[in-house]
Amino acid sequence: MEQTFIMIKPDGVQRGLVGDVISRFEKKGFYLKGLKFINVDRPFAEKHYEDLSAKPFFSGLVDYIISGPVVAMIWEGKNVVLTGRKIIGATNPAESAPGTIRGDYAIEIGRNIIHGSDSAESARKEIALWFPDGPANWQSSVHHWIYE
Ligand SMILES: Nc1ncnc2c1ncn2[C@@H]1O[C@H](COP(=O)(O)OP(=O)(O)OP(=O)(O)O)[C@@H](O)[C@H]1O
């Protein structure tokens, strides 16, 4: 089944939103397949955001991501990449719909609480970077109550 990489950024951790974010993905029916609470260093954050290295906000973005611990996760389920992005909401919280994580809890684009892979290919790359040992191996016992 499809997997995505989700990261609660330092502001989400500082503001006590870890439980809420995890709860939203769990209640939807997605399966947690990896979880780490870690501080990343500058080279690692630069690697994660390498596609944005030419952007004017790149160094501020890297400073933000290394400013405190983050929660890195692998979530699994049908269409989890796209649906995960919908649960998270638009990149700029000013445009995120109420009911989404950013729409409910964030105001500024540079403090938007959470990251989610934007495609299945990015998800594979990001999971390989953050979880070199791969996902946890377990199967949910309620699978048939979620999927036909
Ligand atoms: N104009 C900007 N000013 C400051 N920070 C920005 C700006 N645009 C994007 N960012 C930051 O860079 C991150 C990555 O930008 P990107 O365009 O990849 O958006 P995204 O895919 O929605 O976000 P993420 O990759 O964090 O899920 C954003 O989540 C945000 O934290």
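For the chain, an unreviewed UniProt entry supplies the name nucleoside-diphosphate kinase and the organism Prunus avium. The UniProt entry for the chain carries the following text under Sequence similarities (unreviewed entry): "Belongs to the NDK family."

1. Brief notes about the overall build of the chain
When helices and strands are tallied, the chain shows eight helices and four strands. N-terminal to C-terminal, the α/β element order of the chain is β-α-α-β-α-α-β-α-α-β-α-α. A compact globule built from 148 residues should have a C-alpha radius of gyration of about 15 Å, and the chain, at 15 Å, falls within 12% of that. Across its three principal axes, the chain shows a C-alpha extent of roughly 45 × 35 × 25 Å. With 148 residues in all, the chain has 45% of them scored as buried. Per element, the accessible surface of the chain, about 8200 Å² overall, is 53% carbon and sulfur. If the 17 positive side-chain charges of the chain are averaged to one point and the 18 negative ones to another, these points end up 2 Å apart.

2. Here's the deal with the site of the ligand
Taken together, the residues surrounding the ligand are Lys9, Tyr49, Leu52, Phe57, Leu61, Arg85, Thr91, Arg102, Ile109, Asn112, His115 and Gly116. With respect to the ligand, the side chain of His115 contributes an N or O atom lying 2.7 Å from an oxygen atom. Gly116 is positioned such that a nitrogen or oxygen atom in its backbone is 3.1 Å from an oxygen atom of the ligand. When the ligand is considered free in solution it has 570 Å² of accessible area, and contact with the protein chains removes 76% of it. Residues belonging to the shell around the ligand are distributed by class as follows: five nonpolar, four polar and three charged.

3. Details of the pairing of strand S1 (residues 3-8)
Taking burial as the measure, the six residues of S1 include five buried ones, the bulk of the element. Judged from the six bridges that link them, S1 and strand S3 (residues 70-76) form a sheet pairing that is antiparallel. Within the sheet, the bridge partner assigned to Gln3 lies in S3 and is Glu76.

4. Some details on the sheet that holds S3
Pairing between sheet strands relies on hydrogen bonds along the backbone, with the strands arranged either parallel or antiparallel. In spatial order, the strands read S2-S3-S1-S4; together these four strands make up an open sheet with antiparallel pairing. Looking at the sheet topology across the chains shown, the edges are occupied by strand S2 (31-38) and strand S4 (114-116). Across the sheet, the mean angle from the axis of one strand to that of its neighbour is 15°, orientation sign disregarded. Direction of pairing for S1 relative to S4: antiparallel, over a ladder of three bridges. The residue bridging Ile8 from the neighbouring strand is Ile114, located in S4. Across the face of the sheet, helix H2 (residues 18-28) comes into contact with S1, S2, S3 and S4 while running at roughly 5° to S3. The sheet contacts of helix H5 (residues 80-88) involve S1, S3 and S4, and relative to S1 the element is tilted by about 25°.

5. So, helix H7 (residues 120-130)
In an α-helix there are 3.6 residues to a turn, and that puts residues three or four apart on one side. The set of residues buried in H7 consists of Ser122, Ala123, Glu126, Ile127 and Trp130. End-on, the buried residues of H7 take up no more than an arc of 130°, which puts them together on one face. Across from the buried face of H7, at angles greater than 90 degrees, the exposed residues are Glu121 and Arg124.

Conventions used here
Residues numbered from 1 in each chain as written. Predicted model: local features only at pLDDT ≥ 70, side-chain atom pairs only at ≥ 80, totals over all residues. Heavy atoms only, no water. UniProt positions renumbered as here; feature names shortened; annotations may be inferred. Helix = DSSP H or I, 4+ residues; strand = E, 2+ residues; numbered from the N terminus. Rg over C-alpha atoms; globule rule 2.2 N^0.38 Å. Buried < 20%, exposed > 50% of the residue type's maximum accessible area, 1.4 Å probe, protein only. Areas by Shrake-Rupley, 256 points an atom, 1.4 Å probe, with all protein chains shown as cover. Lys, Arg positive; Asp, Glu negative; His and termini not counted. Charge placed at Lys NZ, Arg CZ, Asp CG, Glu CD. Near = heavy atom within 4 Å. Polar contact = N/O pair within 3.5 Å; in protein donor to acceptor, adjacent residues only side chain to side chain. Nonpolar A, V, L, I, M, F, W, Y, C, P; charged D, E, K, R; others polar. Pairing = 2+ DSSP bridges. Axes fitted to C-alpha atoms, helices over the stretch in contact; angles between N-to-C directions. Contact = heavy atoms within 4.5 Å. Arc of directions from axis to C-beta.

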